Amino acid sequence: MTGCDLPSSGARRVALVTLGCARNEVDSEELAGRLADGGWTLVDEPADADAVVVNTCGFVDTAKQDSIDTLLAAADLKGAGGPRAVVAVGCLAERYGGQLAASLPEADAVLGFDHYADISRRLDDVLAGHGPAPHTPRDRRTLLPISPVDRAAARAAAPAAAAATATPAAPAAPDLPPGIAPASGPRPVRRRLAGGPVAPLKLASGCDRRCTFCAIPAFRGSFVSRPVDEVLGEAHWLAEQGVREIVLVSENSTSYGKDLGDVRLLEKLLPQVAAVPGVVRVRANYLQPAEMRPSLVEVIAATPGVAPYFDLSFQHASAALLRRMRRFGDVDAFLDLLRTVRLLAPEAGVRSNFIVGFPGETADELADLERFLIGARLDAAGFFAYSDEDGTEAAGLAGKVDADVAAQRLADMSSLAEALTAERAQERIGTVVEVLVESVHGGLAEGRAAHQAPEVDGTVGVCGAGLQVGDLVRARVRDAEGVDLVADLVDVVDAAVVRAAAS
């Protein structure tokens, strides 16, 4: 195919398929904004597209396989009026580059983070048959100074070091297609893909922690915060798009501001985002227990408009095992943290993720985890069986746990957590919760209370007539089904704009 074979600018259609976490969702919306600004038409179905861009996840083995399966499924659509190109982007593409391209010839291109700023032209090149050669992966932590406070000046000199955050400014708002975020300082354009009253907003990219099991810092790079005015500008734009709840995401939200000279910047930012007109709730995800300052706990637990929700990355509870992970804490320290949280906000929501079967994990260490789970009263918990990740320190540790043993531990801990989180949901019967309505079917509205984050936690079904998507309502819980709640409408706290306009 030559450049002359390209469709006209108005006919270039692209479908974006997003896998993985909320950070990937933001990346996809930034790619969508750039593509729309470059003349591409966004379509929902891969079969209707000229190019399919799969934003992959490279976190654990199951996520990697899901990414590969999705790329293969898209490639199967090629021909007979389907897409002419399938392109891999995202974490798996960045992490493996040429290796992924060689093992997956069905993908027409593998693009890394450094290609994002010019994604429109890159896709044109792929359709023309001369896309960029796949990159050779590198440790992106080496692209910025070790000292966080030295990174702000270095960003201008090495913009590729933070491709997801330090990108060229968007054009002025009148020059952008409808629905694309206007520029508010030097930040990416963004176009919403999913709609709905809840949206993630990225605080930062990268991570400075050196957990022995995690490869993310190597391919996401060092921690780089977005400036406050940039974050607030995007929050205002999201509110103008009808977003009612903003979920602040990053690889490590508790580190926000350390490279901007203020380690307490997150607790200053949260009330400002909550004050954005139209926003009724803001929550912060991806919090590190070892970095939970008393001032931050208090802001999250007691600030109006900020969800008293603690997404704490415990990973385990045994002190000795956590040290092998290069993490900090133990059963008592973690339970003390949760007691502090609940003294300030008795109904606060708490969720976490845990790894079982880590190298050298003993029966006593597993018992520590069980003791913590019983005392923690978590609202939601996710479990993973340890698997070696390329390039991590843990991959070289001795004492590997047999796969069958790890699988059994995973089943046992997951079963225990399922029972305990169901008990926690039962404790909420009779209480009044504030629910943001996300869908309405007949006389039943469904949404999430402050203790429930989108997609990863439970939901609340609210019985009451006349509700609209985006309404913030109070409802009294009368039943629980696992972690899901059923509640009766008490009143509408803050009606959605569409409802107010209709009345």
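Placed above this text is the structure.
Here, residues in each chain are numbered from 1, in the same order as that chain's written sequence. Local features in this predicted model are restricted to residues whose pLDDT is 70 or higher, and side-chain atom pairs enter the listing and the counts only when it is 80 or higher, whereas totals over whole chains, interfaces and linings include all residues. Each side-chain value is derived from all of the structure's non-hydrogen atoms; neither hydrogens nor water enter the calculation.

Q: Help me understand the sheet that holds strand 14 (residues 432-441), please; the structure alone is not making it clear to me.
A: Remark on secondary structure: sheet strands pair via backbone hydrogen bonds, oriented parallel or antiparallel. As summarised here, the arrangement of the five strands in space is 14-15-16-18-17, forming a closed barrel in which the pairing is mixed. Ignoring strand direction, the axes of neighbouring strands in this sheet form an average angle of 50°. Two strands pair under a simple rule: DSSP has to find at least two bridges between them. A run of H or I in DSSP becomes a helix once it reaches four residues, and a run of E becomes a strand once it reaches two; helices and strands are each numbered from the N terminus. Pairing geometry for strand 14 and strand 15 (residues 444-449), over six bridges, is antiparallel. Across the sheet, His441 pairs through a bridge with Leu444, a residue of strand 15. Interaxial angle, 0 to 180 degrees, is taken between N-to-C directions of lines fitted to C-alpha atoms, where a helix line uses only the stretch in contact.

Q: Would you take a moment to explain the packing of helix 13 (residues 363-376) against helix 14 (residues 403-427) for this structure?
A: Relative placement of two packed helices is described by the angle separating their axes and the distance separating the axes. Orientation of helix 13 relative to helix 14, taken along the N-to-C sense of each, is 15°, at an axis distance of 10 Å. If you check the angle between helix 13 and helix 14, you find them roughly parallel. For the pair helix 13 and helix 14, the crossing hand works out as right-handed. In this structure, helix 13 contributes Leu366, Leu369, Glu370, Leu373 and Ile374 to the contact, and helix 14 contributes Arg409, Met413, Leu416 and Leu420. Throughout this description, any angle smaller than 35 degrees is read as roughly parallel, any larger than 145 degrees as roughly antiparallel, any in the 65 to 115 degree range as roughly perpendicular, and the remainder as oblique. Crossing handedness follows the turn of the near helix against the far one: under a right angle anticlockwise gives a left-handed crossing, and clockwise gives a right-handed one. Residues count as neighbours in contact if any of their non-hydrogen atoms are within 4.5 Å of one another.

Q: I tried to follow helix 2 (residues 61-75) on my own but got confused; where do I start?
A: Owing to its 3.6 residues per turn, the α-helix aligns residues three or four sequence positions apart on the same side. A rise of 1.5 Å per residue sets the reference length of helix 2, with its 15 residues, at 21 Å; its end C-alpha atoms lie 21 Å apart and thus fit the reference within 8%. Buried residues along helix 2 sit against strand 1 (13-18), strand 3 (51-56), strand 4 (85-89) and helix 3 (90-96). By this rule the span expected of a helix is its residue count minus one, scaled by 1.5 Å.

Q: In this structure, what is going on with the packing of aromatic side chains? I would like to understand it.
A: The geometry of an aromatic ring pair is captured by two quantities: the separation of the ring centres and the angle between the planes. Only the six-membered ring of Trp is used, alongside the rings of Phe and Tyr, when aromatic pairs are assigned; centres must lie within 6.5 Å, and planes under 30 degrees apart are stacked while those over 60 apart are edge-to-face, with the rest tilted. For the coordinates displayed, the defined rule picks out eight aromatic pairs. Geometrically, the ring pair formed by Phe113 and Tyr116 is edge-to-face, given 5.5 Å between the ring centres and 75° between the ring planes. In this structure an aromatic cluster arises from ring pairing among Phe314, Phe334, Phe354, Phe372 and Phe383. Only Lys NZ and Arg CZ are tested; either one counts as a charge over a ring when it is within 6 Å of the ring centre and within 35 degrees of the ring normal. Directly above the aromatic system of Tyr286 lies the positively charged group of Arg23, at a separation of 4.3 Å from the ring centroid. Against the face of Tyr309 rests Arg283, its NZ or CZ located 4.6 Å from the ring centre.

Q: Help me understand a negative patch on the surface, please; the structure alone is not making it clear to me.
A: A surface patch of negative charge is lined by Glu446, Asp479, Glu481 and Asp484. Tracing the chain through its elements places Glu446 in strand 15. The residues that make up patches have over 30% relative accessible area and no salt bridge, and they are joined within 9 Å when like-charged or within 5 Å when they are Val, Leu, Ile, Met, Phe, Trp or Tyr. For the accessible areas, the method is Shrake-Rupley and the probe is 1.4 Å, while residue cover comes only from the protein chains on display. Salt bridge, as used here: a side-chain nitrogen of Lys or Arg that lies within 4 Å of a carboxyl oxygen of Asp or Glu. The charge count includes Lys and Arg as positive and Asp and Glu as negative, but it does not include His or the ends of the chains. Just so you know, the charge point we use is NZ for Lys, CZ for Arg, CG for Asp and CD for Glu.

Q: Is there a simple way to explain the pairing of strand 9 (residues 245-249) in this structure?
A: Regular strands place their side chains on alternate faces of the sheet. The element strand 9 is largely enclosed, with a buried count of five among its five residues. Residues Glu245, Val247 and Val249 line one face of strand 9 and the alternating positions Ile246 and Leu248 line the opposite face, and both faces are buried. Pairing of strand 6 (residues 198-202) with strand 9, which is carried by five bridges, proceeds in the parallel orientation. Residue Val198 lies in a different strand from strand 9, and its bridge partner there is Glu245. By the bridge criterion, four bridges tie strand 9 to strand 10 (residues 281-284) in an arrangement that is parallel. The residue of strand 10 that forms the bridge with Val247 is Arg283. If the strands point away from the viewer and the path from the first strand over the helix to the second runs clockwise, then the crossover is right-handed. Each parallel crossover has a hand, and for strand 9 linked through helix 9 (residues 265-274) to strand 10 it is right-handed. Remark: exposure states derive from per-residue accessible area (1.4 Å probe, protein chains only) relative to the maximum for the residue type, with buried under 20%, exposed over 50%, and partly exposed in between.

Q: I keep staring at the sheet that holds strand 12 (residues 349-356) and nothing clicks. Help me out?
A: Here three strands make up an open sheet; going across it, the order is 11-12-13 and the pairing parallel. Each edge of the open sheet is held by one strand with a lone partner, namely strand 11 (309-311) and strand 13 (380-385). Direction aside, neighbouring strands of the sheet carry axes that sit 10° apart on average. Strands strand 12 and strand 13 of the sheet are contacted by helix 13, whose axis makes an angle of about 165° with strand 12. Set on the sheet, helix 14 makes contact with strand 12 and strand 13; between it and strand 13 the angle comes to about 175°.

Q: Would you mind showing me how to read the state of the cysteines here?
A: Covalently bonding the sulfur atom of one cysteine to the sulfur atom of another cysteine gives a disulfide. A pair of cysteine sulfur atoms is labelled a disulfide when the two atoms are within 2.5 Å. Counted by the stated rule, this structure contains zero disulfides. In this model Cys21 remains outside any disulfide bridge; the closest cysteine sulfur is found in Cys57, 6.4 Å from its own. There is no disulfide at Cys214, and the cysteine sulfur nearest it, in Cys211, is 6.2 Å away.

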